[in-house]
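# Descriptive structure summary
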Amino acid sequence: EIPSSLCTIPTLKHISCNGNDSLFPADVQTNSTTILWCLQIQHEHAEKVNVAEAKCEELQSKASAAAEKERILEEQLDALKNKLEALEAERPTKYLERKKRFLVIKARWKQRFCRVGGILRRPARAAKVKAD
């Protein structure tokens, strides 16, 4: 096999492949221009393939890094969800319900009764006391 990099040598003008039928057909074996042109096409193709393979490897490494980052973030998210569930489970719901009920009763109590002369009385009675 003739290396395709031979086409990059500017001083190479003549190349012969006489007697080597596996590389080129018999009528092309003595045509240096055609042989160098074929080598140039092969060389350009190999360069394009190398560039594409390098880009593919780079993208694959980026994809694996992104997948790893996603896995780490999902683990962190799961840990936060578990922590949130644990905090929700620890929340004193009964206490909060009773406190809310107490505050509602207290507010109603204040609305029903008012302070007159230091004694709690109903608002209607307070008006009668003032009128007397």
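Residues numbered from 1 in each chain as written. Predicted model: local features only at pLDDT ≥ 70, side-chain atom pairs only at ≥ 80, totals over all residues. Heavy atoms only, no water.

## Brief notes about the overall build of the chain
Short version of the rule: Only runs of H or I of at least four residues qualify as helices and only runs of E of at least two qualify as strands under DSSP, and these elements are numbered from the N terminus. For each residue, the accessible area found with a 1.4 Å probe, counting protein chains only, is set against the maximum for its type, and the residue is called buried under 20%, exposed over 50%, and partly exposed in between. Contacts are residue-level and defined by heavy atoms, with any inter-residue pair within 4.5 Å sufficient.
Looking only at helices and strands, one finds three helices and two strands in the chain. N-terminal to C-terminal, the α/β element order of the chain is α-α-β-β-α. A burial count over the chain gives 11% of its 132 residues as buried. Contacts in the chain between residues far apart in sequence, at least 24 positions, make up 25% of those at least 6 positions apart.

## Thoughts on the environment of Val-28
As for its placement among the helices and strands, Val-28 is situated in the segment before helix H1 (32-90). Look at Val-28 and you get buried, because its relative accessible area is 18%. Separated by 11 residues in the primary sequence, Val-28 and Cys-17 place their C-alpha atoms 8.5 Å from one another. Sequence-distant contacts of Val-28, that is, excluding residues within four places in its chain, are made with Thr-34 and Ile-35.

## Regarding the pattern of salt bridges
Cut-off, in case you're wondering: The rule for a salt bridge is simple: a side-chain nitrogen of Lys or Arg has to be within 4 Å of a carboxyl oxygen of Asp or Glu.
Per the counting criterion, the structure on display carries three salt bridges. Here Glu-58 makes a salt bridge to Lys-62, at a shortest N to O gap of 3.3 Å. Pair noted here: Glu-58 and Lys-62 are both in helix H1, with a separation of four residues, about one helical turn. Arg-71 is the partner of Glu-68 in a salt bridge, and the nearest nitrogen-oxygen pair spans 2.4 Å. On the criterion of helical spacing, the pair formed by Glu-68 and Arg-71 is a turn pair, its members being three residues apart in helix H1. Classification of Arg-71 as partly exposed rests on a relative accessible area of 37%. One salt-bridge network, held together by shared partners, links Glu-68, Arg-71 and Glu-75.

## Considering H1
So the rule is basically this: A helix's residues, less one, multiplied by 1.5 Å, set its expected span.
The terminal C-alpha atoms of H1, which comprises 59 residues, lie 86 Å apart, in line with the 87 Å expected from a rise of 1.5 Å per residue. Buried within H1 are the following residues: Ser-32, Ile-35, Leu-36, Leu-39 and His-43.

## Topic: the side chain of His-43
Structurally, His-43 is set in helix H1. Given the relative accessible area of 17%, His-43 is considered buried. Setting aside anything within four residues of it in sequence, one finds His-43 in contact with Ser-4, Ser-5, Cys-7 and Thr-8.

## Focus: the confidence of the model for the chain
Selection rule: A residue's pLDDT is the predictor's confidence in that residue, given on a scale from 0 to 100.
With 75% of its residues at a pLDDT of at least 70, the chain reaches an overall mean of 79. Per-element confidence in the chain ranges from a low mean pLDDT of 53 for helix H3 (residues 123-131) to a high of 91 for H1.

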